[in-house]
Amino acid sequence: MGISTTAIHGGETRPTPGMGVSAPLVQSVNYAQEAGTSEGLLYTRYGNTPNADRVQKRLALLEGAEAALVLSSGMGATACAMLALLRPGDHLISSSWIYGGTRKLFMEDLTGMGIEVSFVNPLEPRAWRKGLKKNTRVIFLESPVNPTCRVLELSSLQSLAHAQGIALVVDSTFASPVNFRPMEHGVDVVIHSATKYLNGHHDILAGVVCGNEPFIDEVRRKMTVWGQAPDPFACWLLERGLKTLDVRVKRQNENAMRVAQWCSTRPEIAKAHYPGLPTHPDHAIAKTLLDGFGGMMAIELKGGGPATLKFVKKLQVFTYAASLGGVDSLVIEPRYSSHEHMTPEERQRIGIPDGFLRMSIGIENAEDLIADIEQALQQ
Ligand SMILES: *Cc1c(COP(=O)(O)O)cnc(C)c1O
């Protein structure tokens, strides 16, 4: 089945006459049970109740994984996946270009638990190999990268990890399974902040971990005792959001391409960052790895930080807000959000000068988005 059919029907049993076409929301934490057996013990914190079960099966099919687990946030997903993979004394090697919350989890919390953590520049293939240790258990990366939209190559990392029995873990939030399915490239574990594209409507917080059955059982065990299970209503909304994933993301791909192309011709804009533009440093890699270039892009105005601040205040269709991947178009400056903890020099070094503006392109009409940018530039 195609990705859209899977997103709508994957894993479900055919509705029989009298059943709702929309699956019922079962907003209950506990369930009546047979006496004298622990079989059929359902409880929301175990991630095995009807709405969680349905959406998990569907997500596993979409990613091409044996199993998937939905958690209460993207951070909960990464945290429980790492708890399942790493013990004190183990070593985690991570791309240095990762989500700020993940960076904090690795640097402060995992380190505090006696796990060794090191970061490498993901664009230096030799740095990964050099950084490996006898106790390395996990290689972690995020691609496409927030907010620079860099796209990382995977094949050499895949062979490196598997030659040494190391788990290769990818945070694939920016791509969604419509544009990229890391498991087709030998990745062992895929993580998503389902808050973003998978749900796509700015109204729930959720995360997903995909992997093989025994591993997902272990993540579920961690979720059960650390307590990051999602509420049934969040699972129900996530299932509803998934049904339009394919059409939303395809529209976002198209819109972002049009906005990025338009921006790249404007004299007021010094740079437009989008993997779909031939000028993007990873355009060739993106063309081979991705089925679509995504809805995330960035611009740098010629006037730098002060011009950007004036510009964003004039936008009428775009909302200035954190988060991404939903139907509404958003802009935000990483220096005041995800990269606020760094000095201007540190940001400059990783390609985020003051005035760098991240844009999450929604599903509005592209011409309205372009007109909005144009009128704000003119003002
Ligand atoms: C938002 C985000 C996260 C964290 O997800 P939450 O759902 O906010 O906990 C992790 N990774 C990436 C790439 C993200 O964009």
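Details of the structure are given in the entry above.
Given the structure is predicted, the values throughout are model-derived calculations rather than measurements.

Thresholds, definitions, all that
Residues numbered from 1 in each chain as written. Predicted model: local features only at pLDDT ≥ 70, side-chain atom pairs only at ≥ 80, totals over all residues. Heavy atoms only, no water. Helix = DSSP H or I, 4+ residues; strand = E, 2+ residues; numbered from the N terminus. Rg over C-alpha atoms; globule rule 2.2 N^0.38 Å. Buried < 20%, exposed > 50% of the residue type's maximum accessible area, 1.4 Å probe, protein only. Areas by Shrake-Rupley, 256 points an atom, 1.4 Å probe, with all protein chains shown as cover. Lys, Arg positive; Asp, Glu negative; His and termini not counted. Charge placed at Lys NZ, Arg CZ, Asp CG, Glu CD. Pairing = 2+ DSSP bridges. Contact = heavy atoms within 4.5 Å. Axes fitted to C-alpha atoms, helices over the stretch in contact; angles between N-to-C directions. Left-handed = near helix turned anticlockwise from the far one by under 90°. Nonpolar A, V, L, I, M, F, W, Y, C, P; charged D, E, K, R; others polar. Expected span 1.5 Å × (residues − 1). Bend = angle between axes of the 7 residues up to and from the residue.

Draft legend 1. Geometry of the overall build of the chain. Within the chain, the regular secondary structure consists of 14 helices and 12 strands. Over its C-alpha atoms the chain spans a radius of gyration of 21 Å, differing by no more than 12% from the 21 Å that the globule rule assigns to 379 residues. Counting only C-alpha atoms, the chain reaches 75 × 55 × 35 Å along its principal axes. Per-residue burial for the chain yields a buried fraction of 54% across its 379 residues. When the accessible surface of the chain is split by element, carbon and sulfur atoms take 53% of a total near 16700 Å². For the chain, the distance from the average position of its 37 positive side-chain charges to the average position of its 39 negative side-chain charges is 3 Å.

Draft legend 2. The arrangement of the sheet that holds strand S8 (residues 269-273) in detail. Reading across the sheet, the 5 strands line up as S8-S9-S12-S11-S10 and stay open at both edges, with mixed pairing between neighbours. Either end of the sheet is taken by a strand with one partner, and the two such strands are S8 and strand S10 (319-320). Sheet analysis places S10 next to strand S11 (residues 330-332), joined by 2 bridges and oriented parallel. Residue pairing in the sheet places Tyr 320 in a bridge with Val 331 of S11. Against the sheet, helix H12 (residues 304-314) contacts strand S9 (296-301), S10, S11 and strand S12 (356-360), and its axis sits at roughly 120 degrees relative to S9.

Draft legend 3. The arrangement of the pairing of strand S1 (residues 67-71) in detail. With 5 of 5 residues buried, S1 lies mostly within the body of the structure. Burial along S1 is two-sided: Ala 67, Leu 69 and Leu 71 facing one way and Ala 68 and Val 70 facing the other are all buried. Pairing analysis gives 5 bridges linking S1 to strand S7 (residues 207-211), with the strands arranged antiparallel. Bridge pairing in S7 links Leu 69 to Val 209.

Draft legend 4. View of the packing of helix H3 (residues 74-85) against helix H8 (residues 213-226). Where H3 meets H8, the closest approach of the two axes is 8 Å, and the angle between their N-to-C directions is 115 degrees. Judged by the twist between their axes, the crossing of H3 over H8 is right-handed. Along its contact with H3, which presents Cys 80, Ala 81, Leu 83, Ala 84 and Leu 85, the element H8 presents Phe 215, Glu 218, Val 219, Lys 222, Met 223 and Trp 226. Residue composition of the contact of H3 with H8, grouped by class: 9 nonpolar, no polar and 2 charged.

Draft legend 5. Examining helix H4 (residues 100-112) more closely. Its 13 residues give H4 an end-to-end C-alpha distance of 17 Å, which sits within 8% of 18 Å, the value for a rise of 1.5 Å per residue. The sharpest bend along H4 comes to roughly 30 degrees, located at Phe 106. Residues of H4 that are buried: Thr 102, Leu 105, Phe 106 and Leu 110. Those residues of H4 hidden inside the fold are in contact with H3, strand S2 (91-95), strand S3 (116-120) and strand S4 (136-142). Of the residues one or two after H4, Gly 114 is the one with positive phi, at around 85 degrees.

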